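Chain by chain, the residues:
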Amino acid sequence: MKLRSAVKGVMLLTVSSLLIAAVALVGMFAFAYYNSSGGRDWTAPMETLSETLVQSEEGYSFYGESLLEPDSWMMLINDEGRVVWSYQKPYDVPGQYSISDVASFTRWYLNDYPVHCWVREDGLLVRGSPKGSIWKYDITMQTSVLMQMPLWFLGFFLLALGGVLGLSYFAVRRWFRRSQQMRDAARSNWINGVSHDIRTPLSVVMGYAAQLEAAPSLPPEKKRQAAAIRVQSEVIRDLVNDLNLTMRLDSEMEALRKETLCPEAFLRQTAADFLNGGMAEGFPFEIDLPETPLPQIEADPFLLRRAVNNLLTNCVRHNAPGCAIRLGANAQRKQLLLWVEGGDAGKTVQEQSPRTPEPDGGAAHGTGLRLVAQIAAAHGGKAMFYGGTPYRAELCLPLKE
């Protein structure tokens, strides 16, 4: 769920960034098109104006007044450099030009008037625009540099886009972490409050049930009922403890206190505590360990004992008295395999057909099994749960390097 929300946020910002980039590119192309011959023409082409200037025996006739911008002017310079025809020519524009004058104003300005030129058979046609109306600048560059410009622009665009996406990712990540912390804190406070409110009345129920169970004056049937109340109260107590612990593991609030553990000694101690607790009364119990010593592991003994106890308790609660419970371990490659089985006492593992392990979602059938999967994951391993008879649960934990 966390990963899905983060991916959605990053995808949203990515699409937004790409949309902004696309709009910017379209706007640039639209601007270039609108201000070029493909869009609106602010000035008529010189070739068109040249066609409207007709020479006859009587002189020149001009029919292109409507094509000119306001305050624009024109003139025709013959091969000798003399102005032979003009239209609205300003007074500060000379009537005679040398070759150097022509070479200068065809590239730049003529007395600060931006001009455009067109070569005709009878001379050079010049069109002038008002001062300050057109910006002209001579730009020259090598062809190799010109060919590199698209790559440079593309590189800068991708760099800017990557920067936007990177900042967006970190912003979403920070926002998501803060939101997740607030949700975790609210959930933690709620669970802690409910757990605290449950423990007090539950302790009273367990205490009175234990007194009634031990009262000599009560008939056996009433004692069995009191024992049932006590046992179910202990189930509720364990459920509350598991709920608190699974919440802390989900929120990464439970720091692992790892120690170097010898698997044989750990399992024997765990089995002794389980048997001394009276939970396995009426259930044949076996522990299966290999003859060769098992490799050591780095684990939190409290959490790992909690996981194994949950599996053993699960076998007791979901099997009738008389069913065998087996606890064992063996080393496989670079992992230590701890397993718990509970089922028909008359059958062995070898007599069972191969079974497919349930996915991790199989641990969601109960808070205890979900906690087992979380503890295994916190140690860098995984939990596998096998259905059928006998029921089998496995903890795969990495060996100590």
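Residues numbered from 1 in each chain as written. Predicted model: local features only at pLDDT ≥ 70, side-chain atom pairs only at ≥ 80, totals over all residues. Heavy atoms only, no water.

The name recorded for the protein in an unreviewed UniProt entry is histidine kinase, from Candidatus Ruthenibacterium merdavium. Its UniProt record gives the protein the following Catalytic activity (unreviewed entry) comment, quoted word for word: "ATP + protein L-histidine = ADP + protein N-phospho-L-histidine." Under the UniProt heading Subcellular location (unreviewed entry), the note attached to the protein is "Membrane". (UniProt positions renumbered as here; feature names shortened; annotations may be inferred.)

With that settled, the discussion passes to the overall build of the protein. What the protein contains, in helices and strands, is eight helices and 14 strands. Counting every position in the protein, which comprises 401 residues, the buried fraction comes to 33%. Pairs at least 24 apart in sequence give 61% of the contacts found in the protein among residues at least 6 apart. Looking at the protein as shown, the accessible area adds up to about 25200 Å², and 60% of this sits on carbon and sulfur atoms. (Helix = DSSP H or I, 4+ residues; strand = E, 2+ residues; numbered from the N terminus. Buried < 20%, exposed > 50% of the residue type's maximum accessible area, 1.4 Å probe, protein only. Contact = heavy atoms within 4.5 Å. Areas by Shrake-Rupley, 256 points an atom, 1.4 Å probe, with all protein chains shown as cover.)

Summarising burial for strand 3 (residues 73–77): five of the five residues are buried, a large majority. Alternating residues of strand 3 divide into Trp73, Met75 and Ile77 and Met74 and Leu76, and every residue in both groups is buried. Note that strand 3 and strand 7 (residues 123–128) share five bridges and pair antiparallel. Counterpart to Met74 in the pairing with strand 7 is Arg127. Between strand 3 and the antiparallel strand that follows it, strand 4 (residues 83–87), lie five residues; Gly81 among them carries a positive phi value of about 90°. (Pairing = 2+ DSSP bridges.)

One non-glycine residue, Asn111, adopts positive backbone phi at about 50°. Here Asn111 is to be found in the loop between strand 5 (109–110) and strand 6 (113–120).

Position of Arg268 among the secondary structure elements: in helix 6 (residues 263–276). Residues Arg268 and Ile287, 19 residues apart in the sequence, show an inter-C-alpha distance of 8.0 Å. When near neighbours in sequence (up to four residues on either side) are disregarded, Arg268 contacts Ile287 and Leu289.

Residues Ile297, Leu304, Leu311, Leu338, Phe385 and Leu395 are the most contacted members of the largest nonpolar core, which totals 39 residues. Going through the elements one at a time, helix 6, strand 10 (297–299), helix 7 (301–317), strand 11 (324–332), strand 12 (335–343), helix 8 (367–378), strand 13 (382–386) and strand 14 (391–398) are the ones with two or more residues in this core. Considering each element in turn, this core owes the most residues, eight residues, to helix 7. Among all residues touching Leu311, those that are not within four sequence positions of it are Val340, Leu369, Val372, Phe385, Ala393 and Leu395. One finds Val83, Val93, Val115 and Leu124 within the second-largest nonpolar core, a separate group that totals twelve residues. (Core = buried A, V, L, I, M, F, W, Y, C linked by side-chain atoms within 4.5 Å.)

Between its first and last C-alpha, helix 7 extends 24 Å over 17 residues, near the 24 Å set by a 1.5 Å rise per residue. Burial runs high along helix 7: 13 of the 17 residues are buried. (Expected span 1.5 Å × (residues − 1).)

Let's shift gears to helix 6. Between its first and last C-alpha, helix 6 extends 20 Å over 14 residues, near the 20 Å set by a 1.5 Å rise per residue. Of the positions making up helix 6, those classed as buried are Pro263, Glu264, Phe266, Leu267, Thr270, Ala271 and Phe274. An end-on view of helix 6 places all buried positions within 165° of arc, on one side of the element. Every exposed residue of helix 6 that faces more than 90 degrees away from the buried side is listed here: Arg268 and Asn276. In the segment just after helix 6, Gly278 is the residue with positive phi, at about 80°. (Arc of directions from axis to C-beta.)

Turning to the packing of helix 6 against helix 7, a few remarks are in order. Packing of helix 6 against helix 7 leaves a shortest axis separation of 10 Å and a crossing angle of 50°. By the angle class used here, helix 6 and helix 7 are oblique. In this structure, helix 6 crosses over helix 7, and the sense of that crossing is right-handed. For the pair helix 6 and helix 7, contact is made by Phe266, Thr270, Asp273 and Phe274 and by Pro301, Leu304, Arg305, Val308, Asn309, Leu312, Thr313 and Val316, respectively. Residue composition of the contact of helix 6 with helix 7, by class: seven nonpolar, three polar and two charged. (Axes fitted to C-alpha atoms, helices over the stretch in contact; angles between N-to-C directions. Parallel < 35°, antiparallel > 145°, perpendicular 65-115°, else oblique. Left-handed = near helix turned anticlockwise from the far one by under 90°. Nonpolar A, V, L, I, M, F, W, Y, C, P; charged D, E, K, R; others polar.)

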